[in-house]
Protein chains: 2
Amino acid sequence: MATSSSVSAAKGLVGVAVSSHGASSASYADCLALPSGLALSSLAGLSLSSAPSSRFLQQRRWSHQLRRRAAPARAAAVETVEAATAEALVEKSVNTIRFLAIDAVEKANSGHPGLPMGCAPMGHILYDDVMRYNPKNPYWFNRDRFVLSAGHGCMLQYALLHLAGYDSVKIEDIQQFRQWGSRTPGHPENFETPGVEVTTGPLGQGVANAVGLALAERHLAARFNKPDNEIVDHYTYVILGDGCQMEGIANEACSLAGHWGLGKLIAFYDDNHISIDGDTEIAFTEDVSARFEALGWHTIWVKNGNTGYTDIRAAIKDAKAIKDKPTLIKVTTTIGYGSPNKANSYSVHGSALGAKEVDATRQNLGWPYEPFHVPEDVKSHWSRHVPEGAALEAEWNAKFAVYENKYKEDAAELKAIISGEFPAGWEKALPIYTVESPADATRNLSQQNLNALVKVLPGLLGGSADLASSNMTLLKMFGDFQKGTPKERNVRFGVREHGMGAICNGIALHSPGLLPYCATFFVFTDYMRAAMRISALCEAGVIYVMTHDSIGLGEDGPTHQPIEHLISFRAMPNILMLRPADGNETAGAYKVAVLNRKRPSVLALSRQKLPQLAGTSIEGVEKGGYIISDNSSGNKPDLILIGTGSELEIAAKAADELRKEGKAVRVVSLVCWELFDEQSDEFKEKVFPAAVTARVSIEAGATLGWGKYIGSKGKAIGIDRFGASAPAGRIYKEFGITAESIIAAAKSL
Amino acid sequence: MATSSSVSAAKGLVGVAVSSHGASSASYADCLALPSGLALSSLAGLSLSSAPSSRFLQQRRWSHQLRRRAAPARAAAVETVEAATAEALVEKSVNTIRFLAIDAVEKANSGHPGLPMGCAPMGHILYDDVMRYNPKNPYWFNRDRFVLSAGHGCMLQYALLHLAGYDSVKIEDIQQFRQWGSRTPGHPENFETPGVEVTTGPLGQGVANAVGLALAERHLAARFNKPDNEIVDHYTYVILGDGCQMEGIANEACSLAGHWGLGKLIAFYDDNHISIDGDTEIAFTEDVSARFEALGWHTIWVKNGNTGYTDIRAAIKDAKAIKDKPTLIKVTTTIGYGSPNKANSYSVHGSALGAKEVDATRQNLGWPYEPFHVPEDVKSHWSRHVPEGAALEAEWNAKFAVYENKYKEDAAELKAIISGEFPAGWEKALPIYTVESPADATRNLSQQNLNALVKVLPGLLGGSADLASSNMTLLKMFGDFQKGTPKERNVRFGVREHGMGAICNGIALHSPGLLPYCATFFVFTDYMRAAMRISALCEAGVIYVMTHDSIGLGEDGPTHQPIEHLISFRAMPNILMLRPADGNETAGAYKVAVLNRKRPSVLALSRQKLPQLAGTSIEGVEKGGYIISDNSSGNKPDLILIGTGSELEIAAKAADELRKEGKAVRVVSLVCWELFDEQSDEFKEKVFPAAVTARVSIEAGATLGWGKYIGSKGKAIGIDRFGASAPAGRIYKEFGITAESIIAAAKSL
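Since the model is a prediction, treat every value here as computed from it, not as a measurement.

K.L.:
Run through the overall build of chain A, naming residues and quoting values.
P.N.:
Within chain A, the regular secondary structure consists of 31 helices and 21 strands. Relative to its 749 residues, chain A shows a buried fraction of 67%. Partitioning the intrachain contacts of chain A with sequence separation of at least 6 by distance along the chain shows that 77% fall at a separation of at least 24. For chain A, the exposed area adds up to about 23600 Å²; of that, 53% sits on carbon and sulfur atoms.

K.L.:
Would you mind going over the packing of helix H19 (residues 442-453) of chain A against helix H24 (residues 583-595) of chain A in detail, with residue names and values included?
P.N.:
Residues and elements named next belong to chain A. Contact geometry of H19 with H24 gives a least axis separation of 9 Å together with a crossing angle of 50 degrees. By the criterion of interaxial angle, the relationship of H19 to H24 is oblique. The interaxial crossing formed by H19 with H24 has right-handed handedness. In contact with Thr 442, Leu 445, Ser 446, Asn 449, Leu 450 and Leu 453 of H19, H24 contributes Gly 583, Thr 586, Ala 587, Tyr 590 and Val 594.

K.L.:
For the packing of helix H10 (residues 205-224) of chain A against helix H21 (residues 497-510) of chain A, give the residues involved together with the corresponding values.
P.N.:
All names here are of chain A. H21 packs onto H10 with a crossing angle of 55 degrees between their chain directions and a minimal axis gap of 7 Å. When the interaxial angle is binned, H10 and H21 end up oblique. As H10 packs across H21, the resulting crossing turns out to be right-handed. Side by side, H10 and H21 meet where Gln 205, Ala 208, Asn 209, Val 211, Gly 212, Leu 213, Leu 215, Ala 216, Glu 217 and Leu 220 of the first sit next to His 498, Ala 502, Ile 503, Asn 505, Gly 506, Ile 507, Leu 509 and His 510 of the second.

K.L.:
Describe in detail the interface of chain A and chain B, supporting the description with residues and values.
P.N.:
With 97 residues of chain A at the contact, the number on the chain B side is 96 residues. Of the roughly 7700 Å² buried at the junction of chain A and chain B (both faces included), carbon and sulfur atoms supply 58%. Contact with chain B buries surface across chain A, with Trp 180, Tyr 527 and Arg 533 of chain A losing the most and accounting together for 11% of the total. On inspection of chain A and its partner chain B, the count reaches eight salt bridges. Our enumeration of links across chain A and chain B arrives at 46 residue pairs in polar contact (both at pLDDT 80 or more). Elements with a contribution of two residues or more to the side of chain A that touches chain B: helix H11 (242-246), helix H12 (248-260), helix H13 (288-294), helix H20 (468-471), H21, helix H22 (525-538), helix H23 (565-570) and helix H30 (728-734) of chain A.

K.L.:
Describe in detail the environment of Val 495 of chain A, supporting the description with residues and values.
P.N.:
Relative to the helices and strands, Val 495 of chain A resides in the loop between strand S11 (490-492) and H21. Along the backbone, Val 495 of chain A and Thr 520 of chain A are 25 residues apart, and their C-alpha atoms lie at a distance of 9.0 Å. Those residues in contact with Val 495 of chain A, other than ones at most four positions away along the chain, are Ala 465 and Asp 466 of chain A together with Leu 203, Gly 243, Met 246 and Glu 247 of chain B.

K.L.:
Outline unusual backbone geometry, supporting the account with residue identities and numerical values.
P.N.:
Leave glycine aside and you will find that most residues have negative phi; peptide bonds, for their part, are mostly trans. Of note, the phi angle at Arg 178 of chain A is positive, near 65 degrees, even though the residue is not glycine. Tracing the sequence through the fold places Arg 178 of chain A in the loop between helix H9 (171-175) and H10.

K.L.:
An account of the relation of the copies chain A and chain B is requested, with residue identities and associated values reported.
P.N.:
Expressed as a screw transformation, the operator carrying chain A onto chain B has a rotation angle of 180 degrees and an axial translation of 0.0 Å, and the superposed copies differ by an RMSD of 0.0 Å. The two molecules are tied by a two-fold rotation axis, judged by turn and shift. When C-alpha positions in chain A are compared against the rotation axis, the closest is assigned to Gly 248 of chain A, at 1.8 Å. Comparing contact sets, 99% of the residues at the interface of chain A also lie at the interface in chain B, consistent with an isologous, same-surface contact.

K.L.:
I'd like to hear about the confidence of the model for chain A, residue by residue, with values.
P.N.:
Residues and elements named next belong to chain A. Model confidence for chain A is summarised by a mean pLDDT of 91, while 90% of its residues fall at 70 or above. The low-confidence segment residues 1-71, where pLDDT is below 50, has 106 contacts with residues more than four positions distant or belonging to other chains. For this predicted complex, the interface confidence score (ipTM) comes to 0.91, while the overall pTM stands at 0.92.

K.L.:
Now, about helix H14 (residues 309-321) of chain A: what can you tell me, with residues and values included?
P.N.:
Relative to the 18 Å expected for 13 residues at 1.5 Å per residue, H14 of chain A spans 19 Å between its end C-alpha atoms, a close match to the ideal helical length. Contacts made by the buried residues of H14 of chain A are with helix H6 (76-108), helix H7 (114-130), strand S3 (265-271), strand S6 (298-302) and strand S7 (327-332) of chain A.

K.L.:
Let's hear about helix H8 (residues 154-164) of chain A: which residues, and what values?
P.N.:
All names here are of chain A. Counting buried positions over the 11 residues of H8 gives 11, a clear majority of the element. Within H8, burial applies to Cys 154, Met 155, Leu 156, Gln 157, Tyr 158, Ala 159, Leu 160, Leu 161, His 162, Leu 163 and Ala 164. Count one or two residues on from H8 and you reach Gly 165, which has phi positive near 100 degrees.

K.L.:
Tell me about the side chain of Ser 464 of chain A, residues and numbers included.
P.N.:
Secondary-structure assignment places Ser 464 of chain A in strand S9 (residues 460-464). If we ignore the near neighbours within four places in the chain, the residues touching Ser 464 of chain A are Asn 471, Thr 473, Val 491, Arg 492, Phe 493, Gly 494, Met 500 and Ala 519 of chain A.

K.L.:
Got a sec to walk through the pairing of strand S19 (residues 665-669) of chain B? Specific residues and values, please.
P.N.:
Residue and element names in this part refer to chain B. Judged by how many residues are buried, S19 sits mostly within the fold: five of five residues are covered. In the sheet, strand S18 (residues 639-643) pairs with S19 via five bridges, with the strands oriented parallel. Bridge pairing links Ile 640 to Arg 666 in S19. Of the crossover connections in this fold, the one passing from S18 over helix H26 (residues 648-660) to the parallel S19 is right-handed.

K.L.:
Describe the sheet that holds strand S13 (residues 543-547) of chain A, naming the residues involved and giving the relevant values.
P.N.:
The pairing of strands in a sheet happens through backbone hydrogen bonds and is either parallel or antiparallel. All names here are of chain A. The sheet built from seven strands is open, its strands ordered S10-S11-S9-S12-S13-S15-S14 with parallel pairing. The two strands at the open ends of the sheet, each matched to only one other strand, are strand S10 (480-481) and strand S14 (576-578). The sheet contact formed by S9 and strand S12 (residues 515-521) spans five bridges and is parallel. In the strand pairing of S12, Gly 463 is matched with Cys 518.

K.L.:
Residues and numbers for the packing of aromatic side chains, please.
P.N.:
Counted under the stated rule, the structure contains 52 aromatic pairs over all chains. Measuring from ring centre to ring centre gives 6.1 Å for Phe 676 of chain B and Tyr 709 of chain B, while their planes differ by 70 degrees; the resulting arrangement is edge-to-face. Here Tyr 709 of chain B lies in helix H29 (residues 707-710) and Phe 676 of chain B lies in helix H27 (residues 673-677), a separation of 33 residues in the sequence. A relative accessible area of 2% places Phe 676 of chain B in the buried class. Looking at Tyr 709 of chain B, the relative accessible area reads 4%, which means it is buried. Through a chain of ring-to-ring contacts, three or more aromatic side chains come together here, namely Trp 673, Phe 676, Phe 683, Phe 688, Trp 706 and Tyr 709 of chain A. Seen from the ring of Tyr 235 of chain A, Lys 264 of chain A lies directly overhead, with NZ or CZ sitting 5.5 Å from the centre. In this structure, Lys 330 of chain A is placed above the aromatic ring of Trp 301 of chain A, and the distance from its NZ or CZ to the ring centre is 4.3 Å.

K.L.:
Requested: an account of the sheet that holds strand S18 (residues 639-643) of chain A, with residues and values cited.
P.N.:
Residues and elements named next belong to chain A. Read from one edge to the other, the open sheet built from five strands follows the order S17-S19-S18-S20-S21, with strand pairing classed as mixed. Only two strands of the sheet have a single partner each, and these edge strands are strand S17 (626-630) and strand S21 (715-717). Taking the axes of each pair of neighbouring strands and ignoring which way they run, one obtains an average angle of 20 degrees across the sheet. Sheet topology places S17 next to strand S19 (residues 665-669); four bridges connect them, and they run antiparallel. Bridge pairing links Asp 630 to Arg 666 in S19. Sitting on the sheet, helix H31 (residues 739-748) touches S18, strand S20 (695-698) and S21, and the angle it makes with S21 is about 170 degrees.

K.L.:
Describe the nonpolar core, with residues and values.
P.N.:
If you look at the biggest cluster of nonpolar residues, it comprises 156 residues, and the most contacted ones within it are Leu 641 and Ile 737 of chain A together with Leu 641 and Ile 737 of chain B. The contact partners of Leu 641 of chain A, leaving out residues within four places of it in the chain, are Ala 651, Ala 654, Ala 655, Leu 658, Val 665, Arg 666, Val 667, Val 668, Val 696 and Ile 742 of chain A.

K.L.:
Tell me about the environment of Glu 622 of chain A, and please be specific about residues and values.
P.N.:
Residues and elements named next belong to chain A. Residue placement: Glu 622 occurs in helix H25 (residues 618-623). Note: C-alpha distance between Glu 622 and Lys 591 (31 residues apart in sequence) is 8.0 Å. If we skip the residues at most four places from it in the chain, Glu 622 touches Lys 591, Val 592, Leu 595, Leu 675 and Gln 679. Polar contacts involving the side chain of Glu 622 include one to the side chain of Lys 591, which spans 3.3 Å.

Calculation rules
Residues numbered from 1 in each chain as written. Chains lettered and ligands numbered in written order. Predicted model: local features only at pLDDT ≥ 70, side-chain atom pairs only at ≥ 80, totals over all residues. Heavy atoms only, no water. Helix = DSSP H or I, 4+ residues; strand = E, 2+ residues; numbered from the N terminus. Buried < 20%, exposed > 50% of the residue type's maximum accessible area, 1.4 Å probe, protein only. Contact = heavy atoms within 4.5 Å. Areas by Shrake-Rupley, 256 points an atom, 1.4 Å probe, with all protein chains shown as cover. Axes fitted to C-alpha atoms, helices over the stretch in contact; angles between N-to-C directions. Parallel < 35°, antiparallel > 145°, perpendicular 65-115°, else oblique. Left-handed = near helix turned anticlockwise from the far one by under 90°. Buried area = accessible area lost by both parts, 1.4 Å probe. Salt bridge = Lys/Arg side-chain N within 4 Å of Asp/Glu carboxyl O. Polar contact = N/O pair within 3.5 Å; in protein donor to acceptor, adjacent residues only side chain to side chain. Least-squares fit on C-alpha atoms with pLDDT ≥ 70 in both. pLDDT = per-residue confidence, 0-100. Expected span 1.5 Å × (residues − 1). Pairing = 2+ DSSP bridges. Right-handed = clockwise from strand over helix to strand, strands pointing away. Phe/Tyr/Trp six-rings, centres within 6.5 Å; stacked < 30°, edge-to-face > 60°. Lys NZ or Arg CZ within 6 Å of the ring centre and 35° of its normal. Core = buried A, V, L, I, M, F, W, Y, C linked by side-chain atoms within 4.5 Å.

Put into structure tokens, the structure is as follows:
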């Protein structure tokens, strides 16, 4: 009888697993006796044939189904047998995940098998038992989000996406792990692999992204949910390892998650005591759970993460029961679980096991299959996620239809956030300036733009790393996003730049219509550069509002004065570095930033007042570089002066002086190099005619890189040393960032 | 009688202080009655006339002196009176510090008065009562170190240095606070102001520096102390605020300090509940003390940091009693203490009080003096630190003489560390390679250099952020620096890049002969860039060993592949970006790095094997750029190919091909742009003759900036997009970083 054979097979598997730390005595023959899971395929059949219904969906968990099938009339013994069968299949599924990872890393001869082998149980439970998602629409709005913060273990995620039925990870993709052009790169990349929410690998980023995803859910739920219709309602799950835990960014983000009370954020800490350099005893002996409690988290410890399925499930249930705190589930696992000679050592962290050890692991875990094999019963078991996912989305769509009918305006706003479609004519909200408009710091002009845009962009929200009143980032219509007021849009990040950037990445990737902005002094991009690079790589259109953008901040001195920062972002791929000079250019910078949803923007803004210049325009900014004034004819000026931001004014002044002396002088604002470089050759020639080699640039920053525009014969006026502490005007003068310097340089050409 | 007037004055002062949160009723007349401190000047006389002796020095604390003067025959009442007098003078000294800060910020109309006003009590106790230092020799080796991690409150430190008698901070310097050329810049800068140990301001850096200073002390003490002569023996004190506490870097560094059990590190957490954005309740509600306990620290809470002098002293005593853990003393203070209308608000954090509020504060604290006034009794009281400091150093020098006599070799090594003088001919230890030497990755060659150098450089120590076996940074002669083995030199930083960098800054600034190196993947400089910038600014010659320096790392993909990083450091002031191509260049890079003690070096090293090239040399690297091969004559090649690091090999190959076709081709290694730019014009012309405009550069990184060397007519081969996950060879080919690309570019010129 099928049931009884299942029991013995299940026992066999469990026995193997339990003994896997030592030498296993289970023979292949025991395991080969495993039937192809009749009971399970019939269960899968049940799922497939059930019409989607709310009640079904709520109770769809497999273990629940088992219990439902066990009618009161049946003997308790049968229930036990079925439960054992179920756990045996779970074990088999878990081993499928392990071997997909082992085999993929082996084939690539590159990668990290240790984490997937240790975390397969929690991964299985999450994707098979807990999470709500639709494999055929990885972008379904109300899905649960999963983040593998320990991104090196990406084969765990690829295996899970594959089993769950995502089209992005076919078995061929897994076989192409880490190869050119594959959808299974060496670390999870949302832009390559639908189903991957964010881009991880640099440690600590993922958990901070997860805080952003959970923040987005909480904010949207608070704004849009109604007592009779909780239209926004999902969890955010994250797996992080010892490496993530050591990174400061993780502490920053988790401190905020605790402060905000993000109860639907559930983090699994893969406590395996191994990092690349060996046992964590050599560098990481803090009490992580106690730290998280100090940060305001609920903590749980699952002591047997290798085979303690029941404990993992119970922990998730407990985590969900605590609604006002995020939960850290410390899951103690064995890295490389199942490998008889390499488990629990750093050697399994980041290298292929090697053919011999792969064989030994197959023996040890009782895995008789060829590489990349997914047993039919496992396949069949997981197959229900496609119809279930479709049903979940259909149910939600029906719920949304009811919502839309009853709450028209809210529904429209939420739809805009979900779709990323902005209201027509939104850009008309951008403020317009004339030369008569009062001189002002671009940081203040930035605030005018933010406050104008927030009226037309329902997804705009953000804040500063404890410099709101210096960065000028407060949205005056709104209060603070806080634990008790999550519908508000001013986010208070505290002095946590790195966490802030990564949280904004999470917000941006939650929904296409969410436009997070974040702010600090421009020099402190150094604290958050890793997160900003990930914005650029993962196509998160975060708006970085970076004020105090030069020596113009004055007295705070060199620790606070950016020098090399402009060029450092100009050299970074897929990010726009904008340095507006006045009101119109600031509005232009915001227009560009809002439109570039897959390319983050960095706005460098002044602390000091700047005049409104003649000739600046939003359209000019959109081109990246353009002429603001010119008294030449026939595209043949004697001289081209090029400036950005606060130095454009100086270039304009120098031009006035030189024109008084009869020179034909063009002034170009090169507000965004990246956009200018994208223009046609004709346009570029119109701005910088090749025949005109007399060119002077001025910018209160490093001169490196300016050669691209001024050519071999031009002169770059800038700053190639650290700044100084003194009133701004004095530093400008001492450093020669003046109209006089331009005039002298021009005359020398 | 003097004593009784002192008592009434003291009472008056204490009364004022206690009531200072409300409206004060103390009149100026009460305070003006304060005598000029007869009792105190006689005490100072005692100090001055005492011959330095160990016993004297151990008991030199002023409160102790008071007790010593109180002979048993005296009545207890007299003792009480004297203690009250002492506390009154302390209060007066504390108010002197407060008003120096208030007045300096007011005059500059810029700065941060709030912290100095709140932290003046702990500052006073540290510099007047606890710390051992010599004002006339700020570099005395065995001094206690003090770090103001909350660097914006630098007027606290300037006031203390001034009172203590440091020549670097005269009253005129305080009056020039934040002005051009002054020694009192807007944040503490060690390179401007002797007595300031490190450069702070960017939050969290200082506390991490302090961990480095404490590590250095512990390491040197373990190496050099003898049972009969503890020649290395000082404490490291740090004040950090809420802002520092929020920064991830602080958690990273403090986790390590706890792990290492740095018992002589004592941190004062200025718990004032205010940051720039207002009450910390809006963003920072974690339990800081509990977090530190989780990190393995001893914690103490002083609830009244404003006037609780006895509690602060007791806390320091308790902190010193715990030898195996660092201590966090949470000191609850009122920011802007004494300001009747602005205390306990963000408005006093970062702006001058304003004339009216300065007056009100003078009234409130009973301060009748003109701006910048140091009362005579306060001056007289502090004056003992000059002779005492000289005595401390003299005593230590005597102790060292005994040490040197008995432990010659150790003494010589310690002397080298103290002075920064390297043994003659140290550079002969650098390995030499020939073209026959086996091909190897520069990361491996780097390890050969480190292991060669550690034999001749007693101050070399360092490690990696959990990538020792990838970065190849282990010193084979040594074990791990750990709590139980602090004399070892392999430091295990865990995955804490930012903390690592800042800790190394602290180590470097502890003693001129300490040469810290630290390592991670080059791309993760993004995590530690703020600390690296401070290395450059504060002239800490840290050696950054950055491996996996390009797409050449292969499968890990774009999150791990640096692109814009080379140029981002080339643009940073006062840091050397070196990218050696083979063994000789790696040795050259180490020679440069070791010699540049006031300029940090970043070594970009390959993961992949590279051949030993003909023509490379240590001397070439010292020039930054040089010809490795050339078949032209008369300094007139047809073409110049320029490469760095792993691409120099490709340039050499392309040159071989082109030469076969009869071209005169020069190959230049541009291993360090900064060093090359410092060469004479003649040298530069010899390498890059102006007449030769056909130039092609190749580097697996951003092309921006290369225009400087290839000119308007040259071609730059590089990568201006993110990388990809695939085997390295494939990516090189797909991205066109090949000899074929060079040849095609050359032919197009």
